[in-house]
Amino acid sequence: MKHIADQSNVHTFKIWALLICISALSCAVPVSIPVDPAAMILVPESEKVISVSIGRAALVPDRPVPMAGYGTRYKKKSKGVHDTIFARCIMIRQGDKRMAIVGSDLLIMTAQLRQAVLEKIKDLDLDALMLTATHSHSGPGGYVHSFVWEFAAVGTYEPELFDFIANAIATSIRNAYDAPAFEAKIGAGQAPVPDYVANRRHDGGETDPTLSIIRIDDLEGKTRVLILSYGAHPT
């Protein structure tokens, strides 16, 4: 769902060190970037086999809602749905340890939202949970209870919308938890992609052109999961 607006802890595995700087499960970078992630040389963090399963849930409210992304949308609500957006979860198991990584098509992730999700999935007894946002400016707002954030970026707080988003994220985790798993190996790689990043505050200023990738391949060598981090601002 892209809403159309008026004006529109944990015990960790060795591999978890790779995940600290990941900003989202899907990164809004142009499809023409001259890098084939599947062809990148990966540096495996561990030769041990992991077990992976995947799930998702739609982040599509059934009514007009506040939009996140711009202060000029304050007190204005969505007019329709252009594309479906999701919370996407990767469940990784190694031995008796379980970690969930969730990328949601939201503007930001908050500590309050994370705590609400943890309460909804506490029976799963996960060892680690990472929640990220793609920083979409075309998704639902109304889930941050702070006047500054409400006025500047996410719209009027609605408790029901907060709970809807928390439920959707929790559902994506449960769907991944229950989905059939496949055995896999994990690795990471990087490539410079300087043509799609700029310093918008200082012309010619410092940038980070690095595209970082975590890749999960099944045991037949087929790439099944890509986690991307890139310094883009997907407005």
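Before reading on, note that the structure itself is shown above.
Now for a look at the structure at hand. Here the structure is a predicted model, which is why all the values come from computation and not from measurement.

## Some remarks on helix 2 (residues 147-154)
Since the α-helix turns once every 3.6 residues, residues separated by three or four places project in the same direction.
Then step 1. Residues of helix 2 that are buried include every one of Glu150, Ala153 and Val154, and no others. Buried residues of helix 2 fall within an arc of 115 degrees about the axis and therefore sit on the same side. Exposed residues lying more than 90 degrees from the buried face of helix 2 are Phe147 and Val148.
Then step 2. Downstream of helix 2 by one or two residues, Gly155 has phi in the positive range, about 85 degrees.

## Remarks on helix 1 (residues 111-120)
Then step 1. Of all the positions in helix 1, only Leu113, Ala116 and Val117 are classed as buried. The buried residues of helix 1 occupy one face: seen down the axis, they fall within an arc of 100 degrees. Every exposed residue of helix 1 that faces more than 90 degrees away from the buried side is listed here: Ala111 and Gln112.
Then step 2. At its buried positions, helix 1 is contacted by strand 5 (128-133) and helix 3 (159-178).

## Considerations on unusual backbone geometry
Then step 1. The phi dihedral of Asp125 is positive, around 55 degrees, even though this residue is not glycine.
Then step 2. Position of Asp125 relative to the elements: it lies in the loop between helix 1 and strand 5.
Then step 3. Owing to a relative accessible area of 55%, Asp125 belongs among the exposed residues under this scheme.

## Looking at the packing of aromatic side chains
Then step 1. Counted under the stated rule, the structure contains 3 aromatic pairs.
Then step 2. The interplanar angle of 25 degrees and the centroid separation of 5.9 Å between the aromatic rings of Phe147 and Phe151 together place this pair among those described as stacked. Taken together, the residues Phe147 and Phe151, both in helix 2 and 4 residues apart, mark about one turn of the helix.
Then step 3. An aromatic cluster is built from Tyr74, Phe147 and Phe151, whose rings are joined through pairwise contacts.
Then step 4. One cation-aromatic arrangement involves Arg56 over Phe86; the distance from NZ or CZ to the ring centre is 3.9 Å.

## Let's talk about the pairing of strand 2 (residues 50-58)
Then step 1. Of the strand pairs in this sheet, strand 2 and strand 6 (residues 182-192) are connected by 3 bridges, and their pairing is antiparallel. Among the inter-strand pairings, Ser51 is bridged to a residue of strand 6, identified as Glu183.
Then step 2. Relative to strand 3 (residues 86-94), strand 2 runs antiparallel, the two sharing 8 bridges. Bridged to Ala58 within strand 3 is Phe86.

## Description of a nonpolar patch on the surface
Then step 1. Residues Phe147, Val148 and Phe151 make up a contiguous nonpolar surface patch of roughly 350 Å² in combined accessible area.
Then step 2. Phe147 gets classed as exposed once you look at its relative accessible area, which sits at 55%.

## Quick look at the pattern of salt bridges
Then step 1. One pass over the full model with this rule turns up 9 salt bridges.
Then step 2. The partner of Lys120 in a salt bridge is Asp163, and the shortest N-O contact between them spans 3.0 Å. Taken together, the residues span a long stretch of sequence, with Lys120 in helix 1 and Asp163 in helix 3 at a distance of 43 residues.
Then step 3. The exposure class of Asp163 is partly exposed, given its relative accessible area of 34%.

## Structural notes on the packing of helix 1 against helix 3
Two numbers describe a pair of packed helices, the interaxial angle and the distance between the axes.
Then step 1. Packing of helix 1 against helix 3 leaves a shortest axis separation of 9 Å and a crossing angle of 55 degrees. By the angle between their directions, the pair helix 1 and helix 3 is classed as oblique. Helix 3 is crossed by helix 1, and the crossing has right-handed handedness. Of helix 3, the residues touching helix 1 (which contributes Gln112, Leu113, Ala116, Val117 and Lys120) are Phe162, Asp163, Ile165, Ala166, Asn167, Ile169, Ala170, Ile173 and Arg174.
Then step 2. Residues that form the contact of helix 1 with helix 3 fall into these classes: 9 nonpolar, 2 polar and 3 charged.

Basis of the calculations
Residues numbered from 1 in each chain as written. Predicted model: local features only at pLDDT ≥ 70, side-chain atom pairs only at ≥ 80, totals over all residues. Heavy atoms only, no water. Buried < 20%, exposed > 50% of the residue type's maximum accessible area, 1.4 Å probe, protein only. Helix = DSSP H or I, 4+ residues; strand = E, 2+ residues; numbered from the N terminus. Arc of directions from axis to C-beta. Contact = heavy atoms within 4.5 Å. Phe/Tyr/Trp six-rings, centres within 6.5 Å; stacked < 30°, edge-to-face > 60°. Lys NZ or Arg CZ within 6 Å of the ring centre and 35° of its normal. Pairing = 2+ DSSP bridges. Patch = residues over 30% accessible without salt bridge, like charges linked within 9 Å, V, L, I, M, F, W, Y side chains within 5 Å. Areas by Shrake-Rupley, 256 points an atom, 1.4 Å probe, with all protein chains shown as cover. Salt bridge = Lys/Arg side-chain N within 4 Å of Asp/Glu carboxyl O. Axes fitted to C-alpha atoms, helices over the stretch in contact; angles between N-to-C directions. Parallel < 35°, antiparallel > 145°, perpendicular 65-115°, else oblique. Left-handed = near helix turned anticlockwise from the far one by under 90°. Nonpolar A, V, L, I, M, F, W, Y, C, P; charged D, E, K, R; others polar.

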